[in-house]
Each structure stands twice: as structure tokens, then as C-alpha cells.
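Below are the chains, spelled out letter by letter.
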Amino acid sequence: MTVHLTLHALHTLPPSNVNRDETGAPKTATYGGVLRARVSSQAWKRAMRLRFTTAGLVPAQDLSDRTRHGVGQLAKAITALRPDLEGTPAADLAKKVLVFATGASVESPNARRTGAEGAAPTTRETLFLGRRQIDRIADLAVQGADDITTHLKTKANANAIKQAASSRDAVDIALFGRMIATGDNLTVDAAVQVAHALAVHRTPVESDFFTAVDDLASGDDHGVGMIGQREFLSPTLYRHAALTGPDLAANLADYAGTMDPAQVTAAFVRVFAEAVPAGHITSYAHTTRPDVLIATVTGTPLSHIGAFETPVETVSGGGHLAPAAERLAEHMKATDTAYGDPTARSWLLTLNPQATTPLHTLATRVTNLTELAEAAAGELDRRTQQTLKEPA
């Protein structure tokens, strides 16, 4: 039996447009027969990855970069080892090695886009390599810098570079996985599942008509410099993610950093709670934290989105949080009765105890995010170790 950490949140956003479609409108989805606000899992996962850095939760070298500028990134690492190769020689070496290691194809550098003459070419594919992987590939590349083509014809040299490119030596790759179409050996199955965040209620899309006044217009000029229109939503979202303990342990097999699986798990819980996609953030200042956060260590990673298949309605002029918390509690109790795991343990963090009273009996209440993250991570790590010791 495997073991998972599931996270459930009720998260209210003010008027905002954190994740928009190709027309600039907020993303939506029809669920339960009504239109609701939606924030894609991709948008929230990127926000989580960025939060690892901004919150100082994971050392910079333990993270990765998703980019088409991998040749330039590798050339910079090569130059740090061999300053005499700076410029075109480093870029040419990086291009040959990265193409060989990943199977990526390159495009001619676009000086207009990069803002630099003689810039390193970009790859057509977006690569996702750990920063320590880049350093390792650079070290192997400079060993054959004098004649890289001949160097790579030696099987041991070729295998070493390919192994460096396919390793999983990055915390965010271990968590969120990696899919690079140029080679199956580069693919890493994610240890984390992240659901699209969905409003618990019917969500009308509203429109903001705005103008910009010309500060230097003459006194008799009553016009404006520009006019515009932007759509926004004000949702209370249900958010869900699941982290599989044994999968995380397997994905950290190549990891050369100092964090243990429990610390990685705790960092993930923190970014789940603290990260918010930054779309149009200067116009809306929409950074908030979940009103409710529940962490459960269980053998069955269940979502509770079904609690909101019938959209939540406000009552007596109140908001959506209290009825959503009641609906979530009812669904969790019913699910536990029908399909529950008797070994499951849960923790609850709430910003509004009065509005979320129905949830209080379902989990151990904690007073802060650190307490919840450390308790859940420790329990997942303990049960993962037990699972890994069980006979196959």
C-alpha cells in the first residue's frame, strides 16, 4: 500500500484576473451545470516553483529552470570553468553538447529578441534542467573542449553526459516531474498531482472599464489619454493537491543537495499555501492566503471537489466561506464513512474558526502553517519509510 499527502484549501481571492485565456478573459469552467472561475494547475504550479526561491525555502542550486535559453545557460557555466572560451567558443561547445545530451534542436540567435549580438542560440523545445545538472554537464563538456566531436565518440564520455542530462538532481523536478519530448530518458513522472482550482459557487465574469488621464493635457482638453476594458472575477476557490511519498523518495534518488524528503515535503506544503499566480497583480494586489487548509496523510488520495457539484449559495447576506466549509465537512464525513482509510491523519489550519466550525472535529487544529507543514511532512515520511520496507 502506498501513502499520500493530500491538501485541501478554501481560498478566497478579491477581484482579480490571475489566470487568463487567449482573449485575456479570466479562465472558467462549467461544473455542476454552471460557469465558475478556474485557475489552471499549470499557473499555480509555476507560482509554487517561484515561491521556493522568493521565500528562501529551497537552496537556489537545488532548483531548475524551464527555458529555451539552455545553450546560453550552459555556455555561462562553461565560461566559469574555462574563461578562455568566453563568447563564441563557449556557445558553440554548449550547443553541441546540449543537442547531444537532450536531442533538442536549436534556432539561430535572434538579436532583436535577446538584445545581444552574437548571443547563444535558443532551443526549439523548452528544456527543464536542474542548475546542478547544468554545472555537471559543463564540467564534462570542458573535458572534451579541444575536440568535442571526437570526445563524444567515446562511449564512456557520451554516457556520462547523457546521464547528467537525465538525472533528477532538483527538488522541483522531483516534485512536479519533467516532460521533454526529445527523449524518454529525460522524462520524470511527477510525485505531485495538482488540480485546477475551481470556484465553489457560480461566478459571474465582471468588466472593469478604465481610463488614463493625460497629465499634461491643456485645461480645455477634457478627453483622456486612453480607455480600456478588463474582465475579472471574485471567487472562493476549492484547491487540491496530492503528494505520493514513495514517488518523491524515488525521484530524489539522484538528488545531491542537503534537504531530506520530509523537508522537501514541508516546503511543498508551504508553497501550496503561500503561492498565488501573479497575473495582473499590480492592478489587483490579490495576494491572499487560504481561509482553510487541511492536510491529510492517507492511503487514498481523494479530491473533495464533489462537495461543490451543486454550487454554494450565500445565505442571509453572508459570503461563500461558511456554507462552503459546511459543505466540505459533510462531504469529507460521507467519503470517510464510505471509502475511508482508518490510518489517515489530518491537520486543520483556519483563518476564521467561527465560519469553519463544522471542520473542527475532522482534523487536529493547528495555529500556524509551520506546525501543519512539519506535522504532515513528518507523518508522510514515517509512513513512506514503512511502505518502502514492505515486501514487494
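**Student:** Just give me the short version of helix α12 (residues 321-339), but keep the residues and values in it.
**Tutor:** Across its 19 residues, α12 extends 26 Å between first and last C-alpha, which sits within 8% of the 27 Å expected from 1.5 Å per residue. Regarding α12, the residues found buried are Leu 321, Pro 323, Ala 324, Ala 325, Leu 328, Ala 329, Met 332 and Thr 335.

**Student:** Can you tell me about the packing of helix α10 (residues 261-274) against helix α13 (residues 369-389), naming the residues and giving the values?
**Tutor:** At a closest axis distance of 8 Å, the pairing of α10 and α13 adopts a crossing angle of 140 degrees. Between α10 and α13, the angle is such that the two are oblique. Considering the relative orientation of α10 and α13, their crossing is right-handed. Seen from α10, the contacting residues are Pro 261, Ala 262, Thr 265, Ala 266, Val 269, Arg 270, Ala 273 and Glu 274; seen from α13, they are Leu 369, Thr 370, Leu 372, Ala 373, Ala 377, Leu 380 and Asp 381.

**Student:** Give a detailed account of empty space enclosed by the protein, specifying residues and quantitative values.
**Tutor:** This model, assessed by the stated rule, comprises four cavities of 30 Å³ or more. For the largest cavity, the calculated volume is near 70 Å³. Contributing to the lining of the largest cavity are Leu 13, Ser 16, Asn 17, Val 18, Asn 19, Pro 26, Lys 27, Ala 37, Arg 38, Val 39, Leu 233 and Pro 235. A breakdown of the residues in the lining of the largest cavity according to their chemical character gives seven nonpolar, three polar and two charged. Estimated volume of the second largest cavity: approximately 60 Å³. Considering the residues around the second largest cavity, the lining is formed by Gly 245, Leu 248, Ala 249, Pro 261, Ala 262, Thr 265, Leu 380, Asp 381, Thr 384 and Gln 385. Looking at the lining of the second largest cavity, the elements with two or more residues in it are α9 (245-251), α10 and α13. In terms of residue count, α13 provides more of the lining of the second largest cavity than any other element does, four residues in total. A breakdown of the residues in the lining of the second largest cavity according to their chemical character gives five nonpolar, four polar and one charged.

**Student:** Mind laying out a negative patch on the surface, listing which residues take part and the relevant values?
**Tutor:** Taken together, the side chains of Asp 214, Asp 215, Asp 220 and Asp 221 present a region of like negative charge at the surface. Relative to the assigned elements, Asp 220 resides in the loop between β10 (206-212) and β11 (226-232).

Scoring rules and cut-offs
- Residues numbered from 1 in each chain as written.
- Predicted model: local features only at pLDDT ≥ 70, side-chain atom pairs only at ≥ 80, totals over all residues.
- Heavy atoms only, no water.
- Helix = DSSP H or I, 4+ residues; strand = E, 2+ residues; numbered from the N terminus.
- Expected span 1.5 Å × (residues − 1).
- Buried < 20%, exposed > 50% of the residue type's maximum accessible area, 1.4 Å probe, protein only.
- Axes fitted to C-alpha atoms, helices over the stretch in contact; angles between N-to-C directions.
- Parallel < 35°, antiparallel > 145°, perpendicular 65-115°, else oblique.
- Left-handed = near helix turned anticlockwise from the far one by under 90°.
- Contact = heavy atoms within 4.5 Å.
- 1 Å grid on protein atoms, 1.4 Å probe; cavity = no way out; pocket = protein on both sides within 12 Å on 5 of 7 lines; lining within 4 Å.
- Points joined across faces, edges and corners; volume = space filled by probe spheres on them.
- Nonpolar A, V, L, I, M, F, W, Y, C, P; charged D, E, K, R; others polar.
- Patch = residues over 30% accessible without salt bridge, like charges linked within 9 Å, V, L, I, M, F, W, Y side chains within 5 Å.
- Areas by Shrake-Rupley, 256 points an atom, 1.4 Å probe, with all protein chains shown as cover.
- Salt bridge = Lys/Arg side-chain N within 4 Å of Asp/Glu carboxyl O.
- Lys, Arg positive; Asp, Glu negative; His and termini not counted.
- Charge placed at Lys NZ, Arg CZ, Asp CG, Glu CD.

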